[in-house]
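So you can see what is in the structure, the chains are spelled out below.
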Amino acid sequence: MPSSEQEEYIKIRLDKAKQLIAKGINPYPSKFEKSHTNSEAIEKFLELEMSDNSDDMAPVTLAGRVVARRTMGKATFIDISDSTGRLQIMLRQNNLAEKYELLDQLDIGDWIGATGIIFRTRTKEITQQVDSFEIICKALRPLPEKWHGLTDIETRFRQKYLDLIANEKSVSNVLIRSKLIKSIRNFMEEKGFIEVETPILVPIAAGGMAHPFITHHNSLNRDLYLRIATELHLKRLIVGGFDKVFEIGKVFRNEGVDHQHNPEFTTMESYEAFVDYKDVMQMVENLVAYCATELTGSTKVKYSDNELDFTPPWPKFNLREKIIEVSGIDFLEHTETESLKQAMTNININISNQVSWGGLLDKLISEKLEPTLIQPCFLLDYPIEMSPLAKKSTNDPRIVERFEGFVQGMELCNAFSELNDPVDQRNRFEEQEKLRQTFSQEETDRLDEDFLTAIEYGMPPTGGLGIGIDRLSMLLSDNDSIREVILFPQLRN
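Residues numbered from 1 in each chain as written. Predicted model: local features only at pLDDT ≥ 70, side-chain atom pairs only at ≥ 80, totals over all residues. Heavy atoms only, no water.

A sheet is described by the order of its strands in space; here eight strands give the open sequence S6-S10-S11-S18-S17-S16-S15-S14, paired in mixed fashion. Taken across any chain shown, the strands that pair with only one partner, and hence form the sheet edges, are strand S6 (194–195) and strand S14 (316–318). As paired strands, strand S10 (residues 244–252) and strand S11 (residues 264–273) are joined by nine bridges and run antiparallel to one another. Residue pairing in the sheet places Lys250 in a bridge with Thr266 of S11. Across the face of the sheet, helix H6 (residues 168–190) comes into contact with S6, S10 and S11 while running at roughly 155° to S10. Lying on the sheet, helix H8 (residues 277–296) is in contact with S11, S14, strand S15 (377–383), strand S16 (399–407), strand S17 (410–417) and strand S18 (462–468); it crosses S18 at an angle near 35°. (Pairing = 2+ DSSP bridges. Helix = DSSP H or I, 4+ residues; strand = E, 2+ residues; numbered from the N terminus. Contact = heavy atoms within 4.5 Å. Axes fitted to C-alpha atoms, helices over the stretch in contact; angles between N-to-C directions.)

Okay, the packing of helix H7 (residues 231–239) against helix H13 (residues 449–456) next. At a closest axis distance of 9 Å, the pairing of H7 and H13 adopts a crossing angle of 20°. Accordingly, the angle class assigned to the pair H7 and H13 is roughly parallel. Both H7 and H13 take part in a crossing whose hand is left-handed. For the pair H7 and H13, contact is made by Leu232, Lys235, Arg236 and Val239 and by Asp450, Phe451, Ala454 and Ile455, respectively. Partitioning the contact of H7 with H13 into residue classes produces five nonpolar, no polar and three charged. (Parallel < 35°, antiparallel > 145°, perpendicular 65-115°, else oblique. Left-handed = near helix turned anticlockwise from the far one by under 90°. Nonpolar A, V, L, I, M, F, W, Y, C, P; charged D, E, K, R; others polar.)

To continue, consider the packing of aromatic side chains. Under the counting rule described, the total for this entry stands at six aromatic pairs. Plain terms: the ring middles of Phe310 and Trp314 are 6.1 Å apart, the flat faces sit at 50° to each other, and that makes the pair tilted. Across this residue pair, the class does not change: Phe310 and Trp314 are buried. Ring centres of Phe378 and Phe403 lie 5.0 Å apart, and the angle between their planes is 70°; on these two criteria the pair is classed as edge-to-face. With Phe378 in strand S15 and Phe403 in strand S16, the pair connects residues that are 25 residues apart, well separated along the chain. (Phe/Tyr/Trp six-rings, centres within 6.5 Å; stacked < 30°, edge-to-face > 60°. Buried < 20%, exposed > 50% of the residue type's maximum accessible area, 1.4 Å probe, protein only.)

Here the structure, examined in full by the defined rule, presents 33 salt bridges. For the salt bridge of Asp79 with Arg70, the shortest nitrogen-to-oxygen distance reads 3.4 Å. Classification of Asp79 by relative accessible area gives buried; the value is 11%. Of the charged contacts in the structure, one is a salt bridge between Arg236 and Asp448, with a shortest N-O distance of 3.3 Å. With a gap of 212 residues between them, Arg236 in helix H7 and Asp448 in the loop between helix H12 (422–438) and H13 connect regions that are remote in the sequence. (Salt bridge = Lys/Arg side-chain N within 4 Å of Asp/Glu carboxyl O.)

What follows is about the environment of Gln128. With respect to the helices and strands, Gln128 occurs in strand S5 (residues 126–137). Looking at Gln128, the relative accessible area reads 0%, which means it is buried. Residues within four places of Gln128 in sequence aside, it is in contact with Val60, Leu62, Gln88, Ile89, Met90, Ala114, Thr115, Gly116, Ile117, Ile118 and Phe119. A distance of 3.5 Å separates the side chain of Gln128 from the backbone oxygen of Gly116, its partner in a polar contact. (Polar contact = N/O pair within 3.5 Å; in protein donor to acceptor, adjacent residues only side chain to side chain.)

What follows is about the side chain of Asn38. One can find Asn38 in helix H2 (residues 38–50). At a separation of 3.3 Å, a polar atom in the side chain of Asn38 contacts the main-chain carbonyl oxygen of Ile80. Excluding its chain neighbours within four sequence positions, the residues that come into contact with Asn38 are Leu62, Ile80, Ser81, Asp82, Thr84, Gly85, Arg86 and Leu87.

Taken together, the side chains of Val174, Leu487 and Phe488 present a nonpolar region at the surface, about 270 Å² in accessible area. Mapped onto the fold, Val174 is located in helix H6. (Patch = residues over 30% accessible without salt bridge, like charges linked within 9 Å, V, L, I, M, F, W, Y side chains within 5 Å. Areas by Shrake-Rupley, 256 points an atom, 1.4 Å probe, with all protein chains shown as cover.)

Before going further, it helps to examine the packing of H6 against H8. Orientation of H6 relative to H8, taken along the N-to-C sense of each, is 135°, at an axis distance of 9 Å. As judged from the angle between their axes, H6 and H8 are oblique. For the element pair H6 and H8, the recorded crossing hand is right-handed. Counted together, Ile176, Lys179, Leu180, Ser183, Ile184, Asn186, Phe187, Met188 and Glu190 of H6 and Met283, Asn286, Leu287, Tyr290, Cys291, Glu294 and Leu295 of H8 form the full contact between these two elements.

With that settled, consider helix H9 (residues 319–327). Within H9 the residues assigned to the buried category are Leu319, Lys322, Ile323 and Ser327. End-on, the buried residues of H9 take up no more than an arc of 105°, which puts them together on one face. With respect to the buried face of H9, the exposed residues turned more than 90 degrees away are Glu321 and Glu325. Among the residues of H9, the N-terminal cap falls to Asn318, whose side-chain oxygen and the backbone nitrogen of Arg320 are separated by 3.0 Å. Immediately beyond the C-terminal end of H9, within one or two residues, lies Gly328, with a positive phi of roughly 80°. (Arc of directions from axis to C-beta.)

Another aspect to go through is the sheet that holds strand S9 (residues 222–226). Taking strand neighbours across the sheet as the criterion, the three strands line up as S7-S9-S8 in an open arrangement whose pairing is antiparallel. Strands at the two margins of the open sheet, each flanked by one partner only, are strand S7 (201–202) and strand S8 (214–217). Two elements, S8 and S9, share four bridges in a ladder whose sense is antiparallel. Each bridged residue has a counterpart across the sheet, and for His216 the counterpart in S9 is Asp223.

Further remarks concern the environment of Gln408. Relative to the helices and strands, Gln408 resides in the loop between S16 and S17. Along the sequence, Gln408 and Met459 sit 51 residues apart, while their C-alpha atoms lie 36 Å from each other. Not counting residues up to four positions away in its chain, the partners in contact with Gln408 are Tyr303, Asn306, Leu308, Leu373, Ile374 and Leu475.

In structure tokens, the structure reads:
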């Protein structure tokens, strides 16, 4: 809508608000008492109707946004929407007398409260017959043109409130995500885990391979970082004697924005003493299957044109063997950077932005292997260069006990048998610091001296997990963009 036209609509609505005030009506009251949501009122009516007692229904008081309006003679039909859905209300002039004239000051987008009985019209639509009503919020801005079913991507994500008004799917995404987080908590607590909170502002951005956001604390006069993972603080708690801990929270990574990535995202990280990555793998299968069943009623979930089967156990593939299968490259035969570069160039992979061996292999995995992983599965046993916090395999010191879960070509989770050898961990961190100096543009981990001190006091064998809640929300709500499941995603200027 052109700005001049928008301004004219605002002026008209401001005039209507002034008219209400002139009549002694506050268009922005502090409070409104409602007795039922729309869905509760409909459910109550249907229960009485089933027992042939619908005439006995007492009046209910509802409140909602005006989303549609139709006038037929001396009656006005209005659709109001609340967080539970839409309901038609009917206002008759002979019922409301002079108050009926207040409808002249009512517009689409305003909020209204109404009291009356629920009945069915001649067209069988469940409707409230209004005995009294109030305008409880006068909206000054009109909803955008074609707001019902709003499809403009820029408007939907930049003005999320309009998206929620216009699109039932967006509301459903919010409710599914909320239920998902509740389901995760229930599952973890039933397994004996305790939920904790760890710092978001940290002196060292360690625990993951990512570029951090930096800020400055004025009182302490020191630079701090937004955490890139919750891992190292949670493992400190294992050192402190807690056997099972988890945290659901935001982490922040200064990376690109696309349909799978947002600079701030939500993870659930868990750490359990006395188990290894195979035990964690089984827990992941059961956790995701539990959440799928809670949210959809089944472990088989529709996603785009596929049916994803989250029923345990999931297929498990050795990373090295799978890369050879899809690319012909054996990373253990190309242990030097230049050798791996040449092998990837030979199969037409653009390596211009990768300079380290680990960065090259990550590019190979993402380009050749990940797109083939549609059904839920695990990739196991990664090279040590890509996993500075994971325990070495007892079978091959070049490999670590690590898995990643994939669904629909997208990484869902990452887990290790956690490295608890302080000497090995220090050596790995020091190697990461060297790589960070040499390849500053690539994502590397950082040395955290306090964490090293902590595990020198002794951390028992531990299995750790990080699972992306945003991506799991995408899969269980049938969305192909992370921006659909984050209420206020970061966007380009």
